[in-house]
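# Architecture at a glance
Below are the chains, spelled out letter by letter.
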Amino acid sequence: MQDLAILSGAGGLPVMLAKQHPQAVRVVFKGVEHAMQAPLAEHRFEKLASLFDDLTARGVTRVVLAGAMSRPALDPSQLDPFMMQLAPRLMSAMQGGDDAILRLIIAVFEEQGFEVVGAHELLPGMTVPDGVFAGPEPKDAHLSDASRAMDILLALSPLDVGQGTVVAGGLCLGIETLQGTDALLRFVGETPEHLRRGKGGVLVKAPKRGQDLRVDMPVVGPDTVRNAAAAGLEGIFGAAGKVLIVEQDATRSALEETGLFLAGRVL
């Protein structure tokens, strides 16, 4: 009997967790994209009571939320009594940003007696280190752009907007919003050259100030590297110890192929 359940969204992080913890219960949700392999336990957001009952019956005491999940389109006709009672709290949280919803999710699981753990706690050594992870040493211009980007992210933290921004030559070329990092990089790549001070610039990823790192921890991986290169950037910075690297070997290879660097900075 396994005491851990992986509540999976899209992306490679849930798959990494399943490889490291093969006996963990793999939970997916109807209508939510995922890459998890069987055996799977599929549930509906509208019927959380059945999820809690299932996890308890399996002996689960800890849960980890991993992977990207869009805000679910709930079917009111499918809501169980538990979700009906939760609805006012959920509607209030949905008026805020993602952080408000995630805090509510943590609270609900804890109220049901489950411990919510972070992916970084289950994947030690998988976060961006302090210093260069791979690639060339950042130049002074990169460090200056990174400082500017960090200032922008910290200033936006109270607004619960996003976890990434791109700065080149001191100019902010884009801020991550609900659409995610890949959409940000596509947007930056489409920026006309006359609005940029030449090629170059950096992507910076960092959690929001005060963010609970047990959920929605920023992530970089090989796709992030390739998309950053396609956008004309020269490197990626992450908050040291607070940004996960998925598929580390593939990420290192992508950095070698593109000539970009990935480095950590202490916030």
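Everything here concerns the structure above.
What you see is a predicted model, and the numbers here were worked out from it, not measured in a lab.

## Remarks on the overall build of the protein
The helix and strand tally for the protein stands at 9 helices and 13 strands. Radius of gyration (C-alpha) of the protein: 19 Å, near the 18 Å computed for a compact globule of 267 residues. Classification of the 267 residues of the protein by burial places 47% in the buried group. In the protein, the share of contacts with a sequence separation of at least 24, taken over all contacts with a separation of at least 6, comes to 71%. Roughly 12,800 Å² of accessible area belongs to the protein as shown, and the carbon and sulfur atoms make up 52% of that amount. Here the protein contributes 24 positive and 32 negative side-chain charges, whose respective centroids are spaced 2 Å apart.

## Concerning helix α4 (residues 98-111)
Taking 1.5 Å of rise per residue, 14 residues should cover 20 Å, and α4 covers 20 Å from first to last C-alpha, within 8% of that figure. Among all positions in α4, only Asp 99, Ile 101, Leu 102, Leu 104, Ile 106, Val 108 and Phe 109 are buried. Packing partners of the buried residues in α4 comprise β1 (4-8), α2 (48-57), β4 (62-66), α3 (81-94) and β5 (115-116). Looking one or two residues past α4, Gly 113 carries a phi angle of roughly 95 degrees, positive in sign.

## Some words on the side chain of Thr 191
The residue Thr 191 is located in the loop between α7 (181-189) and β9 (202-205) in this model. Residue classification places Thr 191 among the buried residues on the basis of a relative accessible area of 16%. Among the polar contacts made by the side chain of Thr 191, one reaches the main-chain carbonyl oxygen of Phe 187 at a distance of 3.3 Å.

## Examining the environment of Ala 119
The topology assignment puts Ala 119 in helix α5 (residues 119-122). The exposure class of Ala 119 is buried, given its relative accessible area of 5%. With 75 residues separating them along the chain, Ala 119 and His 194 place their C-alpha atoms 41 Å apart. Residue contacts for Ala 119: discarding those within four places in its chain leaves Leu 13, Leu 17, Val 64, Arg 214 and Leu 244.

## Details of the packing of aromatic side chains
What the rule picks out here adds up to 6 aromatic pairs. Seen in terms of ring centroids, Phe 29 and Phe 45 are 4.4 Å apart; in terms of plane orientation they differ by 5 degrees. Their pairing is stacked. On the criterion of sequence distance, the pair formed by Phe 29 in strand β2 (residues 25-29) and Phe 45 in the loop between β3 (41-43) and α2 is long-range, its members being 16 residues apart. No difference in accessibility class separates Phe 29 from Phe 45, as the two residues are buried. Centroid distance Phe 52 to Phe 82: 5.4 Å. Interplanar angle 80 degrees. Geometry classified as edge-to-face. Of this pair, Phe 52 sits in helix α2 while Phe 82 sits in helix α3, placing them 30 residues apart in sequence. Of the residues examined, Phe 52 reaches a relative accessible area of 4% and is grouped as buried. Taken together, Phe 52, Phe 82, Phe 109 and Phe 114 form an aromatic cluster joined through their ring pairs. Just above the ring of Phe 133 sits the side chain of Arg 252; from NZ or CZ to the centre is 4.3 Å.

## Quick notes on the pairing of strand β11 (residues 235-239)
By the criterion of burial, β11 is predominantly enclosed, with 5 of the 5 residues buried. The alternating pattern of β11 places Gly 235, Phe 237 and Ala 239 and Ile 236 and Gly 238 on opposite faces, both of which are buried.

## Remarks on helix α6 (residues 140-156)
Across its 17 residues, α6 extends 25 Å between first and last C-alpha, which sits within 8% of the 24 Å expected from 1.5 Å per residue. Every buried residue belonging to α6 is among His 142, Asp 145, Ala 146, Ala 149, Met 150, Ile 152 and Leu 153, and all of these are buried. In a view along the axis of α6, the buried residues occupy a sector of 160 degrees, so they form one face of it. Facing away from the buried side of α6 by over 90 degrees, the exposed positions are Asp 140, Asp 151 and Ala 155. In this structure, the buried residues of α6 make contact with β7 (164-168), β8 (171-175), β9, β11 and β13 (261-265).

Conventions and cut-offs
- Residues numbered from 1 in each chain as written.
- Predicted model: local features only at pLDDT ≥ 70, side-chain atom pairs only at ≥ 80, totals over all residues.
- Heavy atoms only, no water.
- Helix = DSSP H or I, 4+ residues; strand = E, 2+ residues; numbered from the N terminus.
- Rg over C-alpha atoms; globule rule 2.2 N^0.38 Å.
- Buried < 20%, exposed > 50% of the residue type's maximum accessible area, 1.4 Å probe, protein only.
- Contact = heavy atoms within 4.5 Å.
- Areas by Shrake-Rupley, 256 points an atom, 1.4 Å probe, with all protein chains shown as cover.
- Lys, Arg positive; Asp, Glu negative; His and termini not counted.
- Charge placed at Lys NZ, Arg CZ, Asp CG, Glu CD.
- Expected span 1.5 Å × (residues − 1).
- Polar contact = N/O pair within 3.5 Å; in protein donor to acceptor, adjacent residues only side chain to side chain.
- Phe/Tyr/Trp six-rings, centres within 6.5 Å; stacked < 30°, edge-to-face > 60°.
- Lys NZ or Arg CZ within 6 Å of the ring centre and 35° of its normal.
- Arc of directions from axis to C-beta.

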